[in-house]
Every structure is written in C-alpha cells, then in structure tokens.
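Working through the structure, step by step
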Amino acid sequence: MVNRLACRLARCGAGFTCCGTEPQRRAIIEAAMATQKSMLNNFAWDECYKVSGIEDVLTPALVIYPEIIAANLERTVALAGGDADRWRVHIKTAKLGYTVRMLVERSIRNFKCATTLELLVACQCGAADVLLAYPSVGANARRVREIAEEFLKVRISILAENEEQIRQWRGSRLGVFLDINPGMDRTGIEQSHGGEVVALVRAIGEAGLEFRGLHYYDGQYGGLDESERTTTAHDGYDRLLKIVSEVERNGKGVPEVITAGTPTFPCSLSYEGFRKGGFVHRISPGTIVYCDATSLAQLPESYGYRPAVLVITRVVSHPRAGMITCDAGHKAVSADAGVPTCVVVGHPELTPLSPSEEHLPMAVKEGAAAPHVGEALYLLPRHVCPTVNNFDCALLVRDGEIESVEKVSARGREAPLLRTAGKAVSSKG
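Residues numbered from 1 in each chain as written. Predicted model: local features only at pLDDT ≥ 70, side-chain atom pairs only at ≥ 80, totals over all residues. Heavy atoms only, no water.

Our next topic: the overall build of the chain. Each helix and strand counted, the chain has 13 helices and 18 strands in total. If you sum the accessible surface of the chain, you get close to 18,700 Å²; carbon and sulfur atoms cover 49% of it. (Helix = DSSP H or I, 4+ residues; strand = E, 2+ residues; numbered from the N terminus. Areas by Shrake-Rupley, 256 points an atom, 1.4 Å probe, with all protein chains shown as cover.)

So, on to the environment of Leu120. Mapped onto the secondary structure, Leu120 falls in helix H5 (residues 116–124). On the basis of relative accessible area, Leu120 is assigned to the buried category, the value being 11%. Distance in space between the C-alpha atoms of Leu120 and Glu414 is 9.4 Å, their sequence separation being 294 residues. Leu120 has contacts with Arg143, Ile147, Glu150, Phe151 and Glu414, leaving out every residue within four places of it along the chain. (Buried < 20%, exposed > 50% of the residue type's maximum accessible area, 1.4 Å probe, protein only. Contact = heavy atoms within 4.5 Å.)

Each α-helix turn comprises 3.6 residues. Residues three or four places apart therefore point the same way. Burial analysis of helix H4 (residues 97–105) places seven of its nine residues in the buried class, the great majority of the element. For H4, the complete set of buried residues consists of Gly97, Tyr98, Thr99, Val100, Met102, Leu103 and Val104. Looking at the residues trailing H4, positive phi occurs at Ser107, about 70°.

A separate point is the environment of Val100. If you trace the backbone, Val100 turns up in helix H4. Between the C-alpha atom of Val100 and that of Gly126, which follows or precedes it by 26 residues, the distance is 8.3 Å. Beyond its immediate sequence surroundings of up to four residues, Val100 is in contact with Ile91, Ala94, Phe111, Ala122 and Cys125.

Inspection of the entire model under this criterion finds eleven aromatic pairs. Chaining the aromatic ring pairs together yields one cluster made of Tyr216, Tyr237, Tyr271, Phe274 and Phe279. (Phe/Tyr/Trp six-rings, centres within 6.5 Å; stacked < 30°, edge-to-face > 60°.)

Our focus in this paragraph is helix H3 (residues 66–79). Between its terminal C-alpha atoms H3 stretches 20 Å, which fits the 20 Å expected from 14 residues at 1.5 Å a residue. Where H3 is buried, its residues contact strand S1 (61–64), H4 and strand S17 (393–398). Positive phi shows up at Gly81, right after H3, with a value of about 75°. (Expected span 1.5 Å × (residues − 1).)

Moving on to the packing of helix H8 (residues 194–206) against helix H9 (residues 226–249). At a minimum axis separation of 9 Å, H8 and H9 run at an interaxial angle of 50°. It follows that H8 is oblique to H9 by the angle criterion. Here H8 runs over H9; the crossing is right-handed. Two secondary-structure elements touch here, H8 through Gly194, Gly195, Val197, Val198 and Val201 and H9 through Ile243, Glu246 and Val247. (Axes fitted to C-alpha atoms, helices over the stretch in contact; angles between N-to-C directions. Parallel < 35°, antiparallel > 145°, perpendicular 65-115°, else oblique. Left-handed = near helix turned anticlockwise from the far one by under 90°.)

The following block contains the structure:
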C-alpha cells in the first residue's frame, strides 16, 4: 500500500492534496522518510553554515564554504597516503574554476571530466593531466582536438573501447585509455574480453597514439553496505588485474589504472593488488570535494568529511496543515537520485517530498511547529553534482560572511556549433 502511494506522490508532484485521505497522506510521508540506506536521514545544524546578510540573497541560492572544501581535499590526500598524485579527481562535481584552482594549489593536478567545457576549464585552471572520461565522437571529438592544440602543456587523454574510436584520433597528440566495463553496463569493454583489450592496445600503437592505461569506473555499488561493497569491488579488481596481466604477457605495459568514484574509493585504497602492480594506480572520486547526503552515508564517519555546499531556500507557502512549500524545486536541487532530493539541515521534523520545477513541498512532523513563510532553510542535496550544475553562480561564504559571487564555470556545455564550421549563424536571445 505504502509503495503504491509513494508512486502516486511521485506522479502528483507538488499536488500533494490529490492523494486522498489523511491516513493515506501519512503513509506517503512515511514512505518518503524511509529513504535508501545510502542517504542520510538528517543532518544536525552547525553554526559554521550560517550566512549573514541573508536578507539580500535571492533564493534558491548555491552556497560554497571554501574552508570545508579545503578540509575535504586534505582528508582525501591523507587517505591516499599523503600522495596528491594518486587522486585523479573528477570535476563533474567541482564545476567552479575557483574550486579547480583550489585543487591545483594543493598539488592535485590530475583530473577526469565528462564534457568539453569541463576539459576547457580544467586546462584554463592549471591542470597538468586531464582524461576526458566520456566517449567522444563527431564534432565533440573535433572540439577535443582543438582544445588539445590550444593547451600544448597539458597532457590530455580520451577513452576508447573499439578500433573505430581509436582511428578517429590518428594524427593527434591525445593519449588513449581503454574503457573497461565493470558490470555497470554503461560504456566499456566487457571484463571477460581480455583478448579484445590486447588487440586494442596493439591498434593504439599502430595508429601512432600513446596507450595511457585502463579506466574502470565501478559506480554501481553505492547501495551496498560497506563490507559487501568492499568484497564485491575487490572481486572486480581481481578480474581487472587479470586483464593487466594479459596485456603484459603480450609485451605491452599498462602505465596507469584508474578506478573508483566516491562510493568505492575506500575499496580501491584497501586493495592490495593495486599497491603491488607495476603501474600507477589512481582513484577518481569527485563528489567528496563537496560531499552530499548520499556520500556522507556511504563513507565511514571516521573519514571526517563534511558538506561544503548547501542550497539556501525560503518557505513560500503553508498550503495546508502539516505542510510547507519552499522555492527549491528540481531546477535547483536535482531530483535525479530520487525523493527526498535533500535533507533540511537542523530540521529532522521536515521531510522533503516530491518536487516540481520550482516548488519543494515538505511534510512537517505531527506536533512540530512549521517554519514561517519567509524563513530561510539550508538544504543538503542528495546528489550534489547535478545540483551545482543547476546554478549559474555560487555564493562563497567564509566565517559566515559572503565573500564573493563565483561563476559555476563548467556548468552545462559549450555553445553547440564549432567555431571552425565556417557558417554564419546568428545568435538570438
């Protein structure tokens, strides 16, 4: 019954009152509160998050806390044995040139990205080595070549999984990582096809390109508890090392092996085989730069990570008893990871429900006082990466004061027409 009602809530969005009787409504709220194991249910208030001068802030607003970002970066490097070179950070989360420069200043200069705009921003901000970890074809591949020729001091690589993809990079200065499918079934060569990997390594050399190594993103294990996640990830790494061995038996070295996003980077760090391999091993989490309600639930509390990005919202309506609505719908706090989309910091009595574009309804726990209209609330996103991507700008807050407004430099994508297209096309607002 509860599951069916929860589905109805997802379809109704902000139209919560269409969902029937009061017992039905309470069942829906309980379903929303019964979130996945991989998400925090509440997060206590900390005065370090308070922003002064909030009366001048247009909401919803993205807020970043540089001192907490710095602490998260330092913690990650410490977990990697103090070796900043072991972290190839994915900047799909960081997005801001400000944050990328913070990474570079701390000797974290190896990056991974997913779009040409992220690649461009990384190069502009001082990256030394960037992997575009997304299959690029057509005009996208041509744009990657352009960026590579513009930033000759940056070592740039791409992913490939077949000979056609390799051939398109002939004559370029780009390195090639082969993408291995860890069972996520999103991209890559199946792990059981070691012979295919060997043949592609040979094809890279025949095309006059540099073989950089293997890329392995095991992002499908976030929902497992810590011990099961580690066991499952290590089984996958065993299979990955068999591919490395097969390549080496055929006379080729594997320079670098890249594994792990945020949920599995502890699994990668604890895997003994990566310490003994004759290759450079790098982890590639990105979410831990800012952290969110999901990553904080997935990672051991002892790691000491804290949220470095929140969204400020205001209560705009009391549509009925036991309900409030805020101005942070899914065009602000991303809903891609499910409902609830966020945790209201310091307010365990509030349960975010299914958002619409600009509205975020919340259930108020029975007997608790509802925040008044106009009151500001601080939201910890369930998935921070696309949430950051929803904003053009972020408020940089230090010691409670708004220090600057920073552009979300790598938000979205570049203009969709190559400048070299030679066509006169007008741009209209």
